[in-house]
Every structure is written in structure tokens, then in C-alpha cells.
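# Notes for the structure review
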Amino acid sequence: MEFTRSRSGEGVELRVAGRLDGYHANYLLEELERLVREGERQVRLDLARVSYLSSAGIGVLVKCRQDLIQLGGNLVVAVASAPVQRVLEMAKLAALLVAA
């Protein structure tokens with residue numbers, strides 16, 4: 001799993017590459033929690049290079065979005081690979097997580 005950060009307007013964009021499975025989901029959770037500790041409240045995820053999204057990965061996305069909303073922020077998936085988009089649509093979460 002690979003992460004790359006960049007500024008995106010008033011927030012940060014986190015580009016993620018690799019598999020977002022049960023093993024790697026914790027790495028994403030740690031990275032997102034680190035961003036929040038650093039004061040970031042607006043997080044955009046670029047998941048264009050994520051080849052697989054498991055239920056554990058979905059759990060991290062939903063949890064971190066809820067945590068950021070409680071802090072007055074937000075988390076959105078700005079870009080999703082085809083596999084990620086399919087999984088989010090099947091889970092009925094695309095409308096909630098994917099930026100329009």
C-alpha cells in the first residue's frame with residue numbers, strides 16, 4: 001500500500017495505490033488518523049490505483065468519514081478505479097462517498 005499526499009484547495013488529497021483489503025485497511029486507517037491529528041478536516045481520496053476494495057476497506061472509509069463529519073469536516077472519494085466504483089455501488093455507498 002502506497003500513499004501520496006498533496007494540497008487540494010482547503011484540504012488534502014491522499015492518493016492510494018495497492019489493495020485495500022483486510023490486511024492493508026489498517027494502514028489506510030492509520031494514515032487518515034494521522035491527517036486528522038495534523039489538523040486536516042477536508043480529505044479527498046484518489047483511489048484510481050486501488051485494485052481491490054474489501055469490506056474492511058469500506059469500513060475504514062465509512063468510519064473516517066463519520067469521524068471527520070463530527071469534527072466539521074468531510075471525506076470524499078474524488079477518483080475511484082473501476083473495481084472500487086463497482087464495490088461501492090454494490091454496497092450502496094457510492095452516492096455517500098464518491099464526489100459528484
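Refer to the preceding data block for the structure.
Residues numbered from 1 in each chain as written. Predicted model: local features only at pLDDT ≥ 70, side-chain atom pairs only at ≥ 80, totals over all residues. Heavy atoms only, no water.

The N-to-C vectors of helix H1 (residues 25-37) and helix H2 (residues 55-70) enclose an angle of 15 degrees; their axes lie 9 Å apart at closest approach. Judged by the inter-axis angle, H1 sits roughly parallel to H2. Seen along the crossing, H1 lies across H2 with a hand that is right-handed. Facing H1, whose interface residues are Ala 25, Leu 28, Leu 29, Leu 32, Glu 33 and Val 36, H2 presents Ala 56, Gly 57, Val 60, Leu 61, Lys 63, Cys 64 and Leu 68. Grouping the constituent residues of the contact of H1 with H2 by class yields 10 nonpolar, one polar and two charged. (Axes fitted to C-alpha atoms, helices over the stretch in contact; angles between N-to-C directions. Helix = DSSP H or I, 4+ residues; strand = E, 2+ residues; numbered from the N terminus. Parallel < 35°, antiparallel > 145°, perpendicular 65-115°, else oblique. Left-handed = near helix turned anticlockwise from the far one by under 90°. Contact = heavy atoms within 4.5 Å. Nonpolar A, V, L, I, M, F, W, Y, C, P; charged D, E, K, R; others polar.)

All right, on to H2 then. In this model H2 runs 23 Å from its N-terminal to its C-terminal C-alpha over 16 residues, within 8% of the 22 Å that 1.5 Å per residue would give. If you check which residues of H2 are buried, you get Gly 57, Ile 58, Val 60, Leu 61, Cys 64, Arg 65 and Leu 68. Considered in projection along H2, the buried side chains sweep an arc of 160 degrees and stay on one side of the axis. With respect to the buried face of H2, the exposed residues turned more than 90 degrees away are Ser 55 and Gln 70. Those residues of H2 that are buried are in contact with strand S2 (11-20), H1, strand S3 (42-53), strand S4 (74-80), helix H3 (82-90) and helix H4 (94-97). If you check the start of H2, you find a side-chain oxygen 3.2 Å away from the backbone N of Ala 56, and it comes from Ser 54. (Expected span 1.5 Å × (residues − 1). Buried < 20%, exposed > 50% of the residue type's maximum accessible area, 1.4 Å probe, protein only. Arc of directions from axis to C-beta. Polar contact = N/O pair within 3.5 Å; in protein donor to acceptor, adjacent residues only side chain to side chain.)

Turning to the nonpolar core, a few remarks are in order. Grouped together as the largest cluster of nonpolar side chains are 28 residues, with contacts concentrated most on Leu 32 and Leu 88. Contributions of two or more residues to this core are made by S2, H1, S3, H2, S4, H3 and H4. (Core = buried A, V, L, I, M, F, W, Y, C linked by side-chain atoms within 4.5 Å.)

Turning to the environment of Gly 9, a few remarks are in order. Topologically, Gly 9 is positioned in the loop between strand S1 (2-8) and S2. Each C-alpha atom, one on Gly 9 and one on Val 87, is 28 Å from the other, the two residues being 78 residues apart in sequence.

Strands sit in the order S1-S2-S3-S4 across an open sheet of four strands; the sheet is mixed. In this open sheet, the two edge strands, each paired with only one partner strand, are S1 and S4. The average undirected angle you get between the axes of adjacent strands in this sheet is 25 degrees. Pairing of S3 with S4, which is carried by six bridges, proceeds in the parallel orientation. Within the sheet, the bridge partner assigned to Gln 42 lies in S4 and is Asn 74. Here H1 sits on the sheet and contacts S1, S2, S3 and S4; the angle it forms with S2, its principal contact strand, is near 170 degrees. (Pairing = 2+ DSSP bridges.)

Bringing a nonpolar patch on the surface into the picture now. Residues Met 1, Tyr 23 and Tyr 27 make up a contiguous nonpolar surface patch of roughly 320 Å² in combined accessible area. Position of Met 1 among the secondary structure elements: in the segment before S1. Residue Met 1 is classed as partly exposed on the basis of its relative accessible area of 30%. (Patch = residues over 30% accessible without salt bridge, like charges linked within 9 Å, V, L, I, M, F, W, Y side chains within 5 Å. Areas by Shrake-Rupley, 256 points an atom, 1.4 Å probe, with all protein chains shown as cover. Salt bridge = Lys/Arg side-chain N within 4 Å of Asp/Glu carboxyl O.)

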